[in-house]
Amino acid sequence: MSCPLRKSVPCCSSISEKQLPGMASSTRRVFPTQERPGVPFAYSVGIPTTVPGATELIILGLYPNTGAQIINSVVARLKQGETFADGQQVKGLVKGLALAFRTVTRQHYDDYVGAAQTYHQSRNEWLLLQIVWPDTKDRFPWQDGFEERFKDKQPLLFQEEPPGRLVAPPE
């Protein structure tokens, strides 16, 4: 799979679950199988317990280890007091690129975040942010000119809003 972030984010070890250093949360890595086709993805389990007020996270369409490393970077910044919200774009998590955060609609929880549902003892009474990555020209899937080859690699699990709603990162 071709990934615009591959050169910017080195992959971590190829295990299916990795405990975050010094944290009570973890990341789950999900690989497509014949029984469950689709895109690879990674998601967090337990972030709100570790960082009160924070949400769980999911990133789709990247190598799961790369996605897990990005989630770990977000968690490190959450521990430093930074916050992330729906519509926000953030630079510095991946060298040279902005990532966007969008609130996942609850109808998608059953299909993607089973371990988090078990952890929270609830199907969807907690929040989940999707980390959205840009194409090689730094355009997001909702922007004109987003590279066609990446459209099916990153399912969008949020209610799409008018493009002007998103907050650009500070320069």
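Treat the numbers as computed from the prediction; the structure is a model and nothing was measured. (Residues numbered from 1 in each chain as written. Predicted model: local features only at pLDDT ≥ 70, side-chain atom pairs only at ≥ 80, totals over all residues. Heavy atoms only, no water.)

A.B. asks: What exactly am I supposed to notice about the pairing of strand β7 (residues 128-132) here?
C.D. replies: Two faces belong to every sheet, and in a regular strand the side chains alternate between them. Most of β7 is tucked away: 5 of the 5 residues are buried. The pairing of strand β4 (residues 56-60) with β7 spans 4 bridges and is classified as parallel. Bridging from a neighbouring strand, Ile58 pairs with Gln130 of β7. As judged from the 4 bridges shared by strand β6 (residues 97-103) and β7, these two strands associate in the antiparallel manner. Bridging from a neighbouring strand, Phe101 pairs with Ile131 of β7. (Buried < 20%, exposed > 50% of the residue type's maximum accessible area, 1.4 Å probe, protein only. Helix = DSSP H or I, 4+ residues; strand = E, 2+ residues; numbered from the N terminus. Pairing = 2+ DSSP bridges.)

A.B. asks: Got a minute to help me understand the side chain of Thr55 in this structure?
C.D. replies: Checked against the element boundaries, Thr55 lands in the loop between α1 (47-50) and β4. Among the residues examined, Thr55 registers a relative accessible area of 15% and is labelled buried. Other than its neighbours up to four places away in sequence, Thr55 contacts Ile47, Pro48, Leu127, Leu128 and Leu129. (Contact = heavy atoms within 4.5 Å.)

A.B. asks: How do you make sense of the packing of aromatic side chains when you look at a structure like this?
C.D. replies: Within a pair of aromatic rings, the relevant descriptors are the distance that separates the centres and the angle that separates the planes. Counted under the stated rule, the structure contains 7 aromatic pairs. Here the aromatic rings of Phe41 and Tyr112 are separated by 5.2 Å at their centres, their planes lie at 70 degrees, and the arrangement is edge-to-face. With a gap of 71 residues between them, Phe41 in strand β3 (residues 41-45) and Tyr112 in helix α3 (residues 109-112) connect regions that are remote in the sequence. A relative accessible area of 3% means that Phe41 is categorised as buried. These aromatic residues form a ring-pair network of at least three members: Phe41, Tyr43 and Tyr112. The ring of Trp142 is capped by Arg102, whose NZ or CZ atom sits 5.6 Å from the centre of that ring. (Phe/Tyr/Trp six-rings, centres within 6.5 Å; stacked < 30°, edge-to-face > 60°. Lys NZ or Arg CZ within 6 Å of the ring centre and 35° of its normal.)

A.B. asks: Looking at this structure, I do not really get the pattern of salt bridges. What am I missing?
C.D. replies: Between side chains of opposite charge, a pair can form as their charged atoms come close. Within the structure shown, the criterion is met by 5 salt bridges. The closest approach of N and O atoms between Asp86 and Arg102, which form a salt bridge, is 3.2 Å. Highlighted residues: Asp86 in the loop between α2 (64-79) and β5 (89-94) and Arg102 in strand β6, separated in sequence by 16 residues. Here Arg102 falls in the buried class, since its relative accessible area comes to 3%. Across the pair Asp110 and Arg123 runs a salt bridge whose closest N-O atoms are separated by 2.2 Å. Taken as a pair, Asp110 in helix α3 and Arg123 in the loop between α4 (114-120) and β7 lie far apart in primary sequence, 13 residues in all. Residue Asp110 is classed as partly exposed on the basis of its relative accessible area, which comes to 40%. (Salt bridge = Lys/Arg side-chain N within 4 Å of Asp/Glu carboxyl O.)

A.B. asks: Would you take a moment to explain the pairing of β3 for this structure?
C.D. replies: Counting buried positions over the 5 residues of β3 gives 5, a clear majority of the element. Side-chain alternation along β3 places Phe41, Tyr43 and Val45 on one buried face and Ala42 and Ser44 on a second face that is also buried. Examined bridge by bridge, strand β2 (residues 26-30) and β3 share 5 bridges and lie antiparallel to one another. From the neighbouring strand, Thr27 faces β3, where its bridge partner is Ser44.

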